[in-house]
Amino acid sequence: MDLFEYQGKQLFARYDIPVSPGGAADSVDDTVAVADRIGYPVVVKAQVHVGGRGKAGGIQLAANAEECRRHATAILGMDIKGHTVGRVWVEQASDIAREYYASFTLDRSAKTHLGMLSAQGGVEIEDVAANNPDAIARIHVDPVEGLTAGQCEEWVDAAGLDPEARSGTIDILTKLWRCYEDADADLVEINPLILTTDGVVRALDAKVTLDGNSVFRHPEYKEYEDTQPRDAREEQAYRKGLQYVGLDGTVGVIANGAGLAMSTVDVVNEVGGKPANFLDIGGGANADVMAGALEVINHDPAVKSIFINIFGGITKGEEVANGIVQALERVAIDSPIVIRLDGTNADEGRAILEPHRSERLRVEPTMLDAARAAVELARHPR
Ligand code: GDP
Ligand code: MN
């Protein structure tokens, strides 16, 4: 779960990590109101889940209300790498002497936490890693021990920051580690971490990814889930509590289990089709869930056929089949449907589907046959 910069900075502030005073705004008038309150000069920053906003024109300095209004008008509604800007963050402008980079993330291959610190910040860290790998000081942080004071000092010294930034950086990294651990983050990144002309170290940007599985420990993360960017289809699925990701093809996909749903997307591609979505309905596959899934897919105008791929496990084939039949009675579906039902009590399940079979409701014996049929129907809709 990715946070917007303003959410990341609000999280940082809770851990006492210094950030510039600011506020979020959704309209031009609100942007100017926030700026008036903070005092000029301010920086107006597009809030989107992609980096490189500066280069794209999504970050602008404003010396007065008139400039602020002009920048807010340009930035709100702007498209940055396919993301439309719906909100800006306005903060007191900083006088930057140096730009550094700092982050904690998971090092999956080393099976532990990784800290990265560099005197070369403000640019993409991937570029630094590729062109000048020695410019990044890396440490592994033991998940039980945590970041120790001695380790942190050695790390900062290894990164070769300016001496005036040393104590401020050690302080921020100590707090950033606490934030990373306590907030159940998978990534906390400050790029740039700045040294101001008057010698203060501060987080000028915030990129935070939280572990979605930790929401039960942090009820306040509901807000972050609610503000995730979604297209109309994804929004509808989210409200129904479905695990849905919109794609740009024509075969609607419903499967039970994330692994099977991913395989289904793959097999549709494999036989030359294009999936319209990923949709995992979980283990249950009862009529309510199936009806909800069919409604979401039916709303997608790009969908030309629907592939329901169910493997009965704990949920038996006949329960799944009854769920599908009841769902179809409740939702009028525009596209032909192809079902593959296998696993526990598959024969009993197929017997229940048998009387409902037609040109518009096909049952195929294997995943591959079903994928071929669904792709064919999407290509030549009847
Ligand atoms: P990103 O491009 O999406 O990573 O956005 P950042 O928040 O990192 O900002 C990009 C760049 O804009 C920074 O590296 C700074 O050079 C510049 N910038 C951002 N805020 C300020 C500010 O308050 N003052 C000045 N002078 N430059 C800023
Ligand atoms: Mn940045």
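This text goes with the structure placed above it.
Structural notes, computed from the coordinates. Bear in mind the structure is a predicted one, so any value in this text is a computation, not a measurement.

So, how was this worked out
- Residues numbered from 1 in each chain as written.
- Chains lettered and ligands numbered in written order.
- Predicted model: local features only at pLDDT ≥ 70, side-chain atom pairs only at ≥ 80, totals over all residues.
- Heavy atoms only, no water.
- Helix = DSSP H or I, 4+ residues; strand = E, 2+ residues; numbered from the N terminus.
- Buried < 20%, exposed > 50% of the residue type's maximum accessible area, 1.4 Å probe, protein only.
- Contact = heavy atoms within 4.5 Å.
- Areas by Shrake-Rupley, 256 points an atom, 1.4 Å probe, with all protein chains shown as cover.
- Lys, Arg positive; Asp, Glu negative; His and termini not counted.
- Charge placed at Lys NZ, Arg CZ, Asp CG, Glu CD.
- Salt bridge = Lys/Arg side-chain N within 4 Å of Asp/Glu carboxyl O.
- Phe/Tyr/Trp six-rings, centres within 6.5 Å; stacked < 30°, edge-to-face > 60°.
- Donors = N, O, S within 2.8 Å, 3.2 Å for Na, K, Ca; no water.
- Near = heavy atom within 4 Å.
- Polar contact = N/O pair within 3.5 Å; in protein donor to acceptor, adjacent residues only side chain to side chain.
- Pairing = 2+ DSSP bridges.
- Axes fitted to C-alpha atoms, helices over the stretch in contact; angles between N-to-C directions.
- Core = buried A, V, L, I, M, F, W, Y, C linked by side-chain atoms within 4.5 Å.
- Left-handed = near helix turned anticlockwise from the far one by under 90°.
- 1 Å grid on protein atoms, 1.4 Å probe; cavity = no way out; pocket = protein on both sides within 12 Å on 5 of 7 lines; lining within 4 Å.
- Points joined across faces, edges and corners; volume = space filled by probe spheres on them.

If you tally the helices and strands in the chain, you get 13 helices and 18 strands. For the C-alpha atoms alone, the extent of the chain along its principal axes is close to 80 × 50 × 40 Å. Buried residues in the chain amount to 50% of all 382 residues. Summarising the internal contacts of the chain: among those between residues at least 6 apart in sequence, 68% fall at separations of at least 24. Of the roughly 17700 Å² that the chain leaves accessible, carbon and sulfur atoms contribute 49%. Across the chain, the 37 positively charged side chains and the 60 negatively charged ones have centroids separated by 4 Å.

What follows is about the pattern of salt bridges. For the coordinates displayed, the defined rule picks out 24 salt bridges. Where Asp26 meets Arg87, a salt bridge forms, and the shortest distance between an N and an O atom there is 2.5 Å. Pair noted here: Asp26 is in the loop between strand 1 (22-25) and helix 2 (28-38) and Arg87 is in the loop between strand 5 (83-84) and strand 6 (88-92), with a separation of 61 residues, a long-range link. Judged by its relative accessible area of 45%, Asp26 falls in the partly exposed class. With its nearest N and O atoms 3.7 Å apart, the salt bridge here joins Glu235 to Arg230. Glu235 sits in the partly exposed class, given a relative accessible area of 24%.

Scanning the model with the defined rule gives six aromatic pairs in all. Pairing Phe104 with Tyr180 gives two aromatic rings, centres 6.0 Å apart and planes at 35 degrees, and the pair type is tilted. With a gap of 76 residues between them, Phe104 in strand 7 (residues 96-107) and Tyr180 in helix 6 (residues 166-182) connect regions that are remote in the sequence. Both residues of the pair, Phe104 and Tyr180, count as buried.

Looking now at the environment of Pro355. Within the fold, Pro355 resides in the loop between helix 12 (346-353) and strand 18 (361-363). Sequence separation of Pro355 and Ala158 is 197 residues, and the distance between their C-alpha atoms is 72 Å.

Within the protein, the manganese ion (ligand 2) binds to Asn191 (O) and Asp205 (OD); these donor distances fall in the range 2.2 Å. In this pair, Asn191 is assigned in strand 10 (residues 185-196) and Asp205 in the loop between strand 11 (201-203) and strand 12 (207-210), connecting sequence segments 14 residues apart. Residue classification places Asn191 among the buried residues on the basis of a relative accessible area of 14%. Taking the relative accessible area as the measure of exposure, Asp205 reaches 18% and is therefore buried.

So, on to the site of ligand 1. Residues in contact with ligand 1 amount to 16 residues; listed here are only the nearest, Lys45, Arg53, Gly54, Ser94 and Glu99. A distance of 2.6 Å separates an oxygen atom of ligand 1 from a polar side-chain atom of Lys45. Secondary-structure elements contributing two or more residues to the shell around ligand 1 are strand 2 (42-46), strand 3 (59-62), strand 7 and strand 10.

For the rest of this paragraph, the subject is the sheet that holds strand 1. In spatial order, the strands read 1-6-2-3; together these four strands make up an open sheet with antiparallel pairing. In the strand order of this sheet, the two ends are held by strand 1 and strand 3, each with one partner. Across the sheet, the mean angle from the axis of one strand to that of its neighbour is 20 degrees, orientation sign disregarded. The strands touched by helix 3 (residues 65-75) within the sheet are strand 2, strand 3 and strand 6, with strand 3 carrying the most contacts at an inclination of about 165 degrees.

Looking now at the nonpolar core. Within the largest apolar cluster, 41 residues are counted, with the highest numbers of intra-cluster contacts made by Leu11, Phe12, Phe104, Val188 and Leu210. If one sorts the elements of this core by residue count, helix 6 sits on top with seven residues.

Turning next to the packing of helix 2 against helix 3. Viewed as axis vectors pointing N to C, helix 2 and helix 3 meet at an angle of 140 degrees, and their least axial separation amounts to 9 Å. When you trace helix 2 past helix 3, the crossing you get is right-handed. Where helix 2 abuts helix 3, its residues Val28, Asp29, Thr31, Val32, Ala35 and Asp36 lie against Ala65, Cys68, Arg69, Ala72 and Thr73.

As a volume, the largest pocket reaches approximately 930 Å³. Contributing to the lining of the largest pocket are 36 residues, with Gly52, Arg53, Asn191, Pro192 and Asp205 lying nearest its centre. Of all the secondary-structure elements, those providing two or more residues to the lining of the largest pocket are strand 2, strand 3, strand 7, helix 4 (125-131), strand 10 and strand 12. Roughly 520 Å³ of volume is contained in the second largest pocket. Lining the second largest pocket are 13 residues, and of these Arg230, Tyr238, Leu242, Gln243 and Tyr244 lie nearest its centre.

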